[in-house]
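The residues making up each chain are set out below.
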Amino acid sequence: MEECCKLSHILEICVDGVLSARRAEASGAHRLELCAALVEGGITPSVGLMQTVCKVVRIPVRVIIRPRGGDFVYDPDELAVMLLDIDAAHLAGAQGVVIGVLTRDGQINEEQTRILVLRAAQNNLGVTFHRAIDMTRDVTDSFKKLLNVNLTLSLSRHELLDANPEDGYPLGKSGQLASSKCPCIDKVLTSGGTNTVMEGGYEAIRQMVSIAKDFSLVNEDCPSIDIIAASGVSEDNVLQITSLTGASELHGSLRHTEDGLMEYRRSNVFMGGTKENTSESEFQHRRVDSGRVERAVHALASLQGTHERDTA
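A brief look at the structure comes next. Per chain, the residues get numbers from 1 upward, laid out in the order the sequence is written. Under the rules for a predicted model, residues below a pLDDT of 70 receive no local features and side-chain atom pairs below 80 are neither given nor counted, while totals for whole chains, interfaces and linings still include all residues. The side-chain quantities take in all heavy atoms of the structure and omit both hydrogens and water.

1. Some points on helix α9 (residues 290–301)
With twelve residues, α9 extends 16 Å from end C-alpha to end C-alpha; this agrees with the ideal 16 Å at 1.5 Å per step. For every residue, the accessible area obtained with a 1.4 Å probe (protein chains only) is divided by the maximum for its type, and the residue is called buried under 20%, exposed over 50%, and partly exposed between those limits. Per the convention used, a helix needs a DSSP run of H or I reaching at least four residues, while a strand needs a run of E reaching at least two, with both numbered from the N terminus. For α9, the set of buried residues is R292, V293, A296, V297, A299 and L300. End-on view of α9: buried residues confined to an arc of 160°, all on one side of the axis. Polar contacts here mean pairs of N or O atoms no more than 3.5 Å apart (in protein, one a potential hydrogen donor and the other a potential acceptor; neighbouring residues in sequence count only if both atoms are side-chain atoms). N-cap assignment for α9: the residue whose side-chain oxygen lies 3.0 Å from the backbone N of G291 is D289. Here a helix's expected span is defined as the number of its residues, less one, multiplied by 1.5 Å. This arc is taken over the directions from the axis of the helix to the C-beta atoms.

2. Some points on the nonpolar core
Where a protein is soluble and globular, its nonpolar side chains tend to be buried together. I13, L32, F129 and F143 are the most contacted members of the largest nonpolar core, which totals 72 residues. Those residues within four positions of F143 in sequence are excluded, and the remaining contacts are I133, V188, M208, I211, A212, I225 and I227. Nine residue types can take part in a nonpolar core, namely buried Ala, Val, Leu, Ile, Met, Phe, Trp, Tyr and Cys, and a core is a set of them joined through side-chain atoms within 4.5 Å. Counting residues in each nonpolar core, the second largest holds five residues, with C14, C35, L38 and I64 among its members. In what follows, residue pairs with any heavy atoms lying within 4.5 Å of each other are defined as contacts.

3. Some thoughts on the pairing of strand β4 (residues 96–99)
Neither face of β4 is open: one carries G96 and V98, the other V97 and I99, and all of them are buried. Two elements, strand β3 (residues 61–64) and β4, share three bridges in a ladder whose sense is parallel. In the sheet register, V63 faces β4, and the bridge partner there is V97. Handedness of the crossover joining β4 and strand β5 (residues 126–129) through helix α4 (residues 110–122) is recorded here as right-handed. Between any two strands, at least two bridges found by DSSP are needed for them to pair. The crossover handedness rule: strands pointing away from the viewer, path from first strand over the helix to second strand clockwise, crossover right-handed.

4. A few points about the sheet that holds strand β2 (residues 31–34)
Around the barrel, which closes on itself, the eight strands sit in the order β1-β2-β3-β4-β5-β6-β7-β8 with parallel pairing between neighbours. Averaged over all neighbouring strand pairs, the angle between strand axes comes to 25°, with direction disregarded. Bridge count for strand β6 (residues 187–190) against strand β7 (residues 226–230) is four bridges, and the pairing is parallel. Across the sheet, residue K187 finds its bridge partner in β7, namely D226. To obtain an axis, a line is fitted to C-alpha atoms, over the contacting stretch when the element is a helix, and the angle between two such axes runs from 0 to 180 degrees between their N-to-C directions.

Structure below.
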């Protein structure tokens, strides 16, 4: 299970390669979200990438479980793929997974969410519900539904400990739920239902933070959910975002464009369809910018003393 550092504010960096993962850790990032194809919004990385990143870094890694780009409505075959990918993330050494499933009418798919969370719990993995929540009809109502998922799983935990696949709860290779891990979503990644946090989403995020605190007071035995503010997060606005949202965790890619190593460059052939040579072209790469991560981490570190005084 993930043991993230005990800081007042956490910076999670989204990466899609080993070099970016190394840079993010060396620059002070507190956790990684590992994806492939960030140009698609992130999909499940290969097993090789999972294993290599988990081997070369010491900070916690959460792996996105998303079998394809596009919407977040998944058929039974795609759900089966996601369950196996959760197993693969565990075997690779990840500390958590990142999921998101919706219904056709723009609501949280609570049944599929429970199935995925149970599989993660069986593998002793933390669970983040990703920005699929920003594609729902009402983000705060959707957040309440995720809290309700936690509540129902918590109330049925003892029953689930004795569950088997015939009971309708798909479990992993060990055949039982890890007794040390209460099945729950422990984090939600969100922009507050807007394209970026700073486009007004901070108001919804602040509301979600408040809802989560109230939930914890009423349901002491049920895990609440930490909010990770995401989208448009940069080294220049991390302090403003924490102030506006009340969120203690932030998420960003903090990348820049680098020239590729290819010397011979054929200009009239493109992979994946016709396109112009842009920053996402065959001869350039988007990778973590170490300086940007360092500046963001330094800015958040300035809040540590303030947090300690407030909680003294």
